[in-house]
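# Structural overview
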Amino acid sequence: MLTAPDLRPDFASPAPQGAAPAGAPFLPTSRAEMHALGWEQCDVIIVTGDAYVDHPSFGMAIVGRVLEAQGLRVGIIAQPDWHSAEPFRALGAPRLFFGITAGNMDSMVNRYTAEKRVRSDDAYTPGGQGGQRPDRSVIVYAQRAREAYRSVPIVIGGIEASLRRIAHFDYWSEKVRRSILLDAKADLLVYGNGERQICEIARRLRAGEPIEALRDIRGTAFAHAMPPGEWIEIDSTHLDAPGRLNPALDPYAMADNGRDRAKPAPHGAEVVRFMRHVHNADRERSVIRLPAYEQVAGDPVLYAHASRILHLESNPGNARALVQCHGRQQLWLNPPPIPLSSDEMDWIYGLPYQRRPHPLYGEANIPAYKMIRFSVSIQRGCFGGCSFCSITEHEGRIIQSRSEQSVLSEIEKIRDSVPGFTGVISDLGGPTANMYRLACKSREIESACRRPSCVYPAICPNLNTDHAPLIQLYQKARALPGIKKILIASGVRYDLALESPEYVRELATHHVGGYLKIAPEHLREGPLSKMMKPGVGTYYRFKELFDRYSKQAGKQQYLIPYFIAAHPGTTDEDMLELALWLKRNGFRADQVQAFLPSPMASATAMYHSGRNPLKRVTRASEEVTIPKGLRVRRLHKAFLRYHDPENWPLLREALRRMGRADLIGSGRHQLLPAYQPPGTGEQGEGRRAPKRASSAAAAPMPMRPFRTQHTGLPRTPSARGKSSRDHY
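Residues numbered from 1 in each chain as written. Predicted model: local features only at pLDDT ≥ 70, side-chain atom pairs only at ≥ 80, totals over all residues. Heavy atoms only, no water.

### Focus: the overall build of the protein chain
The secondary structure content of the protein chain amounts to 24 helices and 28 strands. For the protein chain, with 728 residues in total, the buried portion stands at 55%. A fraction of 77% describes how many contacts in the protein chain between residues 6 or more apart in sequence connect residues 24 or more apart. (Helix = DSSP H or I, 4+ residues; strand = E, 2+ residues; numbered from the N terminus. Buried < 20%, exposed > 50% of the residue type's maximum accessible area, 1.4 Å probe, protein only. Contact = heavy atoms within 4.5 Å.)

### Re the nonpolar core
Nonpolar side chains tend toward joint burial in soluble globular proteins. Judged by nonpolar contacts, the single largest core of 114 residues is most densely connected at Phe 97, Ile 201, Ile 411, Leu 428, Phe 542, Phe 639 and Leu 671. In terms of residues, this core owes the most to one element, helix α21 (residues 572–584), which gives seven residues. Aside from chain neighbours lying at most four places away, what touches Ile 201 is Phe 97, Val 155, Leu 188, Val 190, Leu 214 and Ile 217. Listed in part, the 42 residues of the second largest apolar core include Cys 42, Ile 100, Ala 145 and Ala 184. (Core = buried A, V, L, I, M, F, W, Y, C linked by side-chain atoms within 4.5 Å.)

### Digging into the sheet that holds strand β27 (residues 593–594)
As summarised here, the arrangement of the three strands in space is β24-β25-β27, forming an open sheet in which the pairing is parallel. Because the sheet does not close on itself, it has two edges, and the strands there are β24 (515–521) and β27. Bridge analysis of strand β25 (residues 558–565) against β27 gives two bridges, and the strand direction is parallel. Each bridged residue has a counterpart across the sheet, and for Ile 564 the counterpart in β27 is Gln 593. Across the sheet, helix α20 (residues 536–552) lies against β24 and β25, angled at about 160° from β25, the strand it touches most. (Pairing = 2+ DSSP bridges. Axes fitted to C-alpha atoms, helices over the stretch in contact; angles between N-to-C directions.)

### Considerations on the side chain of Glu 506
By the secondary structure assignment, Glu 506 is in helix α18 (residues 501–510). Owing to a relative accessible area of 5%, Glu 506 belongs among the buried residues under this scheme.

### Details of the pattern of salt bridges
Evaluation of the coordinates by the stated rule reveals 41 salt bridges. Close ionic contact of Arg 204 with Asp 216 constitutes a salt bridge, the shortest N to O distance being 2.7 Å. Of this pair, Arg 204 sits in helix α7 (residues 195–206) while Asp 216 sits in the loop between α7 and β9 (220–224), and the two are twelve residues apart along the sequence. Residue class for Arg 204 comes out buried when judged on its relative accessible area of 8%. In this structure Asp 216 comes out as exposed when scored by relative accessible area, which is 54%. Measuring nitrogen to oxygen at the nearest pair gives 2.8 Å for the salt bridge that ties Arg 450 to Glu 313. A residue pair is termed long-range when its members are at least 10 positions apart, and Arg 450 in the loop between α15 (443–448) and β22 (463–464) and Glu 313 in the loop between α10 (300–312) and β13 (321–326) qualify at 137 residues. Ionic contacts of the salt-bridge type, sharing partners, join the residues Glu 200, Arg 203, Arg 204, Glu 209 and Asp 216 into one network. (Salt bridge = Lys/Arg side-chain N within 4 Å of Asp/Glu carboxyl O.)

### Considerations on the confidence of the model for the protein chain
Chain-level pLDDT for the protein chain is 88 on average; 86% of the residues reach the 70-or-more range. Segment residues 11–21: pLDDT under 50, and 14 contacts once partners within four positions in sequence are set aside and those in other chains are kept. Counting interchain partners and residues more than four positions distant, the pLDDT-below-50 stretch residues 244–276 has 28 contacts. (pLDDT = per-residue confidence, 0-100.)

### Some words on helix α24 (residues 648–657)
For α24, every residue scored as buried is listed here: Trp 648, Leu 651, Arg 652, Ala 654 and Leu 655. For α24, the arc enclosing every buried residue in end-on projection is 165°, short of the 170-degree limit, so these residues lie on one face. Exposed side chains of α24 directed beyond 90 degrees from the buried face belong to Arg 656 and Arg 657. On its buried face, α24 sits against α21 and α23 (630–640). Positive phi shows up at Gly 659, right after α24, with a value of about 75°. (Arc of directions from axis to C-beta.)

### Structural notes on the environment of Met 532
Note that Met 532 resides in the loop between α19 (525–531) and α20. You can call Met 532 buried: its relative accessible area is 4%. Between the alpha carbons of Met 532 and Ala 603 there is a distance of 9.9 Å; along the sequence they are 71 residues apart. Contact partners of Met 532, with chain neighbours within four places excluded, come to Gly 384, Gly 385, Pro 452, Ser 453, Tyr 456, Arg 493 and Leu 614.

### Some remarks on helix α14 (residues 404–417)
Compared with the 20 Å implied by 1.5 Å per residue over 14 residues, the 20 Å span of α14 between its first and last C-alpha is a close match. Against the buried residues of α14 lie α11 (342–349), β16 (375–377), β19 (424–425), β20 (427–429), α16 (468–478) and β23 (485–486). (Expected span 1.5 Å × (residues − 1).)

### Things to note about the environment of Gln 79
As for its placement among the helices and strands, Gln 79 is situated in the loop between β3 (74–78) and β4 (97–101). The spacing of Gln 79 and Ala 51 is 28 residues in sequence and 6.2 Å in space, taken between C-alpha atoms. The contact partners of Gln 79, leaving out residues within four places of it in the chain, are Thr 48, Gly 49, Asp 50, Ala 51, Tyr 124, Thr 125, Pro 126, Gln 132, Arg 133 and Tyr 141. A polar contact of 3.0 Å, which involves the side chain of Gln 79, links it to the backbone oxygen of Gly 49. A distance of 2.7 Å separates polar atoms of two side chains, one belonging to Gln 79 and the other to Thr 125. (Polar contact = N/O pair within 3.5 Å; in protein donor to acceptor, adjacent residues only side chain to side chain.)

### Observations regarding the packing of aromatic side chains
Within this structure, the stated rule accounts for 21 aromatic pairs. For the ring pair Phe 88 and Tyr 141, a centre distance of 5.9 Å and an interplane angle of 55° mean the geometry is tilted. Of this pair, Phe 88 sits in the loop between β3 and β4 while Tyr 141 sits in helix α4 (residues 137–148); the two residues are 53 residues apart in sequence, bridging distant segments of the chain. Accessibility assignment for this pair places Phe 88 and Tyr 141 in one class, buried. (Phe/Tyr/Trp six-rings, centres within 6.5 Å; stacked < 30°, edge-to-face > 60°.)

### Considerations on the packing of helix α2 (residues 59–69) against α7
What describes two packed helices is the angle between their axes and the distance between those same axes. Axis separation between α2 and α7 bottoms out at 10 Å; the angle between their running directions is 40°. With respect to α7, the element α2 is oriented oblique. With respect to the hand of their crossing, α2 and α7 are arranged in right-handed fashion. Residues Ile 62, Val 63, Val 66 and Leu 67 of α2 form the contact with α7, whose own contacting residues are Glu 195, Ile 198, Cys 199 and Ala 202. A breakdown of the residues in the contact of α2 with α7 according to their chemical character gives seven nonpolar, no polar and one charged. (Parallel < 35°, antiparallel > 145°, perpendicular 65-115°, else oblique. Left-handed = near helix turned anticlockwise from the far one by under 90°. Nonpolar A, V, L, I, M, F, W, Y, C, P; charged D, E, K, R; others polar.)

### A look at empty space enclosed by the protein
Inspection of every chain in the model, using the stated rule, returns four cavities of 30 Å³ or more. Here the largest cavity defines a volume of roughly 80 Å³. Of all the elements, α10 adds the most residues to the lining of the largest cavity, at four residues. Considering only residue class, the lining of the largest cavity consists of nine nonpolar, three polar and no charged. In this structure, the second largest cavity occupies an estimated 40 Å³ of space. For the lining of the second largest cavity, the class distribution of residues is two nonpolar, one polar and four charged. (1 Å grid on protein atoms, 1.4 Å probe; cavity = no way out; pocket = protein on both sides within 12 Å on 5 of 7 lines; lining within 4 Å. Points joined across faces, edges and corners; volume = space filled by probe spheres on them.)

In structure tokens form, the structure reads like this:
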């Protein structure tokens, strides 16, 4: 079993010379704040695309407090003006390094919708104001920091760097881009949750090692002219052969068609051994060579192959290092970091966070903070493996849980210290609501496993699905003095919940505020198999349990299902079937989600390549239906909003083309009417002008993703004379 040194500092040992005083009220954001703390220089400066909120749901706060606890002076530059280098000199040059992050979200996802339209707001900015960070923030911030202080090492991390650590498809430019490490010209890239890596980097730099020597830290990537040390190199195409790699040569060509000729190794370079099969004893010294950036950029099948290999090499227990050539540089990706222990998680979440925004923002509303200020993270990681989601690629699939006492203590801190608390905890969760303390029954099996999901196509028999610790945590949390209610807002993995009816009973009886969000995502096997999601029968079984326990508790409560439009593997017929199901069950979607190809997700590899990387990728492997182009994506969204007259012209045209004109009419079994209400039909999906907030409407309106018969949808009338909109 893999182990790692305890992340927590040894407080019995003497503090390093010049160590920072423990627990600054807020990490400084200006020279004046530094001087008030008695600092002349920061050891580390974190540059972030988010407003500085000193709360453990914000990455910059966690990393800053963890480094502070190691005895370092840490400063924050939040949302700097990137048009010059001057704002990056605000705190002076850091003694050790700049830490660069785009924030809690990828800057492109934060800025643009799935239709590539500019969003009008930003939840991580005071006042929700958009446009306060640049596109591809990590690259821009790193370049400005380098311009400000050329000799200071630059370490990039966070979700944007993590998901762009190798050559990746970029949806917004519709091309494969290089690793962000190279575009940012950074010294090191930290991927995944970075506490363990960033502490090791700081420790070794403080000890006098140069940044170029830090080549053996798990969860990091770096660029090098040649692979370091003596390694056994494995060609990835030997592990998962995609077929012929290069186009056939033209026998009539006068030149050599660009065939690569062997070049002598540079003087003094170490020769790497190439092997097809590697003994287990040599596994730790083996590295897998992925197809080069230039190859995956020009060959979608090779891109899908590289994506598959990356996902197969993601278990910290057996993952090998990866290397990918980018021109003359070798991008080296060390294996993933060792997951944190419960003691380490407790220590991280027990650090002295102020749990509110920095005072420099005054009374400005930061929407993301407002949403999470009364919530508690109880776990990290997700073993669901949904192909469209990047949580596993960032946090890993091994669940890292806090202790019960740590969670209860944080609830008490919220109760006692957070302004505006009314007794309701808005969430106890994480990436998924109900994976707390779930793990493989065998550490040895877990370390050897290479499955991308523990629950698809069925729940693994080696998975411990006992929800008793989570049920007990819920019960103790709601029994705390001053706590009126504990809500669960994180998504419930309902196929797992079926393994524990007692959990469903506890959830329905005590932790739902009328509506529970779950995510079937679709109904048909085609898209579900590409999403790695359970079938609709699982949804019905969970609904039966949820309804039964809600009734026993004397409550009227309803499930609100979420669906994705235009996901790879989805046909027009699939979306039509989903629209008919929504109408039969009385659902009307106010807002719908279209598939957004985020960097490094398996579904993004499908979108780009038309191949399925969930299986072995070859030239002749399964081709996946890809709903590409604005017209088809808008159509799929329109099916989810079948009731909106603005979408009816597009839907009528599609139904006639599909040979389903029988669904046009005023009957109960039909999807939409034949007539068009005056003044409608010109503002279909993707064509509507964004709503602009008026100065009078300062308070945000509550968002209701779905209307049902219980949230505003009129029941279908039986009498004549009712408005046709009652039907649709």
